[in-house]
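Below, each chain spelled out in residue letters.
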Amino acid sequence: MALKLPGQWVWDSWFVFDGERHHAFYLQASRALGDPERRHNNPSIGHAVSDDLTNWTVLPDALIYSDAPAPDDYTTWTGSVVKGDDGLWWMFYTGRTRANGGRSQSVVAATSEDLITWTKRPENPLVVADENYQTLAGGFEDEPFRDPWVFKMAGESQWTMLVTATAPKHEKFREQGVIAMAKSDDLINWRLMPPQAGPDQGFGETEVLQYEVVDGVPILLFCCGTHWVSEERMVFDRQGGLYSLPTNEKLTEIDLRKSVRFDADDLYASRLVQGKDGKWNLIAFINYVDGKFVGELCDPIPVTADPVRGLIRR
């Protein structure tokens, strides 16, 4: 069964395998809010475990917003989980603060010894946008900088972080999306780099980034809402959704114009998850169907990768 909660909507998710079970972390908000669009300002981070990526057991919630003042005293948004070199688990996620009405986003983190109890890091925020990106200090109304995906590239000892961001001083609303990258040796101190892809590559935002090598093919995964897809892409894409991009292992050849839309019209914010059998699956939340927001995770979709077509169903 898909991960469906009777009292909460579920949307963006991220996964980690502890050697025995799969852990799903996900944004959730009470269905009592009535309007599903209100969920964005009222989320917490839920937690569930599974042996097969299909049957889930819900555990105590992982995180909620902090008391003010804090970089996440308004909302806790999408992130990722990795196991540090010392065995400590790290959850990197997006924080918004009430100090500016939630108009800025930054990367914050919490750590855990068991994936159950999480302690927010005193160093928060760990990564914030600089002059290479759209910021409040630069005179913009919003500061998009979210959805951190943390991993190690093959053959590297340092950590890499991919972040959804927006180019400054860009006039094309649907072409301003860029991918930020940061590097760290210790998961605490990060060096933010200039944009690694975009703008002018077909997207106003590249949300919920992920990088994996799928059956030998390096794949960059992201999603983009219909209102953020360029007019040129809309001619053949018809709508936004899930996108994959075959690239190289060092992510030095990112051209978002070569991204391919995955054939799943009702899904958004997908994740690649490797099963115990070593095969890859795609899990996303079910978005609007016939005009009604569903808000639950789909069953795993078996996938593989092609060097030209990107992610395809297996």
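Look up: the structure comes first, before these words.
Reference entry: report on the structure contained in this document. (Residues numbered from 1 in each chain as written. Predicted model: local features only at pLDDT ≥ 70, side-chain atom pairs only at ≥ 80, totals over all residues. Heavy atoms only, no water.)

### Observations concerning the sheet that holds strand 11 (residues 177-184)
Spatially, 9-10-11-12 is the arrangement adopted by the 4 strands of the open sheet, whose pairing is antiparallel. Among the strands making up the open sheet, the edge pair consists of strand 9 (145-151) and strand 12 (190-192). The sheet shows a mean angle of 25° between the axes of neighbouring strands, direction not considered. Sheet topology places strand 10 (residues 159-166) next to strand 11; 8 bridges connect them, and they run antiparallel. Following the sheet pairing, Thr-164 is matched in strand 11 by Ile-179. (Pairing = 2+ DSSP bridges. Helix = DSSP H or I, 4+ residues; strand = E, 2+ residues; numbered from the N terminus. Axes fitted to C-alpha atoms, helices over the stretch in contact; angles between N-to-C directions.)

### Here's the deal with the environment of Val-217
Relative to the helices and strands, Val-217 resides in strand 14 (residues 217-224). Residue class for Val-217 comes out buried when judged on its relative accessible area of 10%. Taking the C-alpha atoms as reference points, Val-217 and Ser-244, separated by 27 residues in sequence, lie 11 Å from one another. For Val-217, the contacting residues outside a window of four places in its chain are Glu-212, Pro-246, Ala-305, Asp-306 and Pro-307. (Buried < 20%, exposed > 50% of the residue type's maximum accessible area, 1.4 Å probe, protein only. Contact = heavy atoms within 4.5 Å.)

### Structural notes on the pairing of strand 5 (residues 75-83)
Counting buried positions over the 9 residues of strand 5 gives 8, a clear majority of the element. Judged from the 8 bridges that link them, strand 5 and strand 6 (residues 89-96) form a sheet pairing that is antiparallel. Its bridge partner lying in strand 6, Gly-79 is registered against Tyr-93. Here strand 5 folds back onto strand 6, and the loop between the two strands holds 5 residues, one of which, Gly-87, carries a positive phi near 95°.

### A few points about the side chain of Asp-72
Note that Asp-72 resides in the loop between strand 4 (56-63) and strand 5. The contacts of Asp-72, once residues within four sequence positions are left out, are Tyr-65, Ser-66, Tyr-93, Gly-95, Arg-96, Val-108 and Lys-120.

### Examining unusual backbone geometry
In this chain, Asn-124 is followed by Pro-125 through a cis amide linkage whose omega measures -5°. Relative to the assigned elements, Pro-125 resides in the loop between strand 8 (119-120) and strand 9. Cis rather than trans, the peptide bond between Gly-198 and Pro-199 has omega equal to 0°. Relative to the helices and strands, Pro-199 resides in the loop between strand 12 and strand 13 (207-214). One non-glycine residue with positive phi stands out, namely Leu-251, at about 55°. Tracing the backbone through its elements, the reader meets Leu-251 in the loop between strand 15 (241-246) and strand 16 (260-261). In this structure, Ala-269 is a non-glycine residue whose phi angle is positive, near 55°. Position of Ala-269 relative to the elements: it lies in strand 17 (residues 267-274). With relative accessibility at 0%, the residue Ala-269 sits in the buried group.

### Here's the deal with the nonpolar core
Within the largest apolar cluster, 56 residues are counted, with the highest numbers of intra-cluster contacts made by Phe-25, Met-91, Trp-118 and Leu-311. Apart from residues no more than four positions distant in its own chain, Met-91 is found in contact with Trp-14, Phe-25, Ile-45, Ala-62, Leu-63, Ser-80, Val-81, Val-108, Ala-109, Ala-110 and Trp-118. Counting residues in each nonpolar core, the second largest holds 22 residues, with Phe-92, Tyr-133, Ala-182 and Leu-187 among its members. (Core = buried A, V, L, I, M, F, W, Y, C linked by side-chain atoms within 4.5 Å.)

### As for the sheet that holds strand 6
The strand order across the open sheet formed by 4 strands is 5-6-7-8, and the pairing between neighbours is antiparallel. Every other strand in the sheet has two partners, leaving strand 5 and strand 8 as the edge strands with one partner each. Where strand 7 (residues 106-112) lies against strand 8, 2 bridges are found, and the strand directions are antiparallel. Across the sheet, residue Ala-110 finds its bridge partner in strand 8, namely Lys-120.

### What about the environment of Arg-146?
Along the polypeptide, Arg-146 turns up in strand 9. Separated by 67 residues in the primary sequence, Arg-146 and Gly-79 have C-alpha atoms spaced 7.9 Å apart. Only 3.3 Å separates the side chain of Arg-146 from the side chain of Gln-105, close enough to count as a polar contact. A polar side-chain atom of Arg-146 sits 2.7 Å from a polar atom in the side chain of Glu-207. (Polar contact = N/O pair within 3.5 Å; in protein donor to acceptor, adjacent residues only side chain to side chain.)

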